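The residues making up each chain are set out below.
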Amino acid sequence: MNAQPACACLVVLAHALQGELAPSAAELLGLARRLAEHRPAPIKAMLAGHGLGPAARQMAALGPDEVIVLEGPGLAHYSGPAWVEALAPPLAGLAPAWVLVAHDSQGQDYAPVLSLRLQAACLGPVEGLDWPGGDPAFLCPGHGGKVLWLERPSTPSAVISVAPGAEKGGIATGPVQA
């Protein structure tokens, strides 16, 4: 049984690279939209860093329901502990069903710690999405990438680390054949 309640919201944690929105932001937003099609919920994008005006405008142009900017000189350069300290309180206040993070070097670093702070499951790398029984299941590689497991969080909230390209096609949708 899936422990997910009706979604309060979905959060996309987007990254900025040299002041510009990272390409992964559009992918994460696309996956959030697919999840919201089945479990209607507002989609919020969150950016952390410094000098985020251009990246925040680019994110807003992609059309999330809200863009939340956490900005300060202490976030100018990536630091996992600093990002977790900055992200955890506002995320806890939002109580999102899913927090989508790019499975890049930064996401792999802070997603597990952030999930612990939020008392949420952590899945990743997620390579796609399927809907067996009408509830979302995330496709995660196993056995060195030879198989894909269908994973469902057993907690009300989950941090989902999304592999690059998961929303662009290929294996992005199921069903998985045994």
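Above this note sits the structure.
Residues numbered from 1 in each chain as written. Predicted model: local features only at pLDDT ≥ 70, side-chain atom pairs only at ≥ 80, totals over all residues. Heavy atoms only, no water.

*Asks:* What's the story with the environment of Ile 160 in this structure? I'm lost.
*Replies:* Looking at the element boundaries, Ile 160 is found in strand E11 (residues 158–162). Residue Ile 160 is classed as buried on the basis of its relative accessible area of 0%. Between the alpha carbons of Ile 160 and Ser 115 there is a distance of 9.1 Å; along the sequence they are 45 residues apart. Once you skip the residues sitting within four places of it in the chain, Ile 160 turns out to touch Trp 98, Val 99, Leu 100, Val 101, Leu 123, Val 126 and Phe 138. (Helix = DSSP H or I, 4+ residues; strand = E, 2+ residues; numbered from the N terminus. Buried < 20%, exposed > 50% of the residue type's maximum accessible area, 1.4 Å probe, protein only. Contact = heavy atoms within 4.5 Å.)

*Asks:* It is not clear to me how the nonpolar core should be interpreted in this structure. Could you clarify?
*Replies:* Across soluble globular proteins, nonpolar side chains have a tendency to be buried as a group. Of all hydrophobic cores here, the largest spans 34 residues; its most connected members are Leu 100 and Ile 160. No other element matches helix H1 (residues 24–38), which puts seven residues into this core. With residues up to four places along the chain from it excluded, the contact list for Leu 100 reads Val 11, Val 12, Leu 13, Leu 28, Leu 31, Ala 32, Leu 35, Ile 160 and Val 162. (Core = buried A, V, L, I, M, F, W, Y, C linked by side-chain atoms within 4.5 Å.)

*Asks:* Help me understand the packing of aromatic side chains, please; the structure alone is not making it clear to me.
*Replies:* By convention here, two paired aromatic rings are described through the distance between centres and the angle between planes. By the definition in use, this model includes four aromatic pairs. With a centroid separation of 6.3 Å and 45° between ring planes, the pair formed by Tyr 78 and Tyr 110 is classed as tilted. One end of the pair, Tyr 78, is in the loop between strand E5 (66–71) and helix H3 (80–94); the other, Tyr 110, is in helix H4 (residues 105–118), and 32 residues separate them in sequence. Take Tyr 78: its relative accessible area is 29%, and that puts it in the partly exposed class. A centroid spacing of 5.6 Å and a plane angle of 50° characterise the contact between Trp 83 and Tyr 110, whose relative ring orientation is tilted. Here Trp 83 is found in helix H3, whereas its partner Tyr 110 is found in helix H4, with 27 residues between them in sequence. A connected cluster of aromatic rings, assembled from ring pairs, spans Tyr 78, Trp 83 and Tyr 110. (Phe/Tyr/Trp six-rings, centres within 6.5 Å; stacked < 30°, edge-to-face > 60°.)

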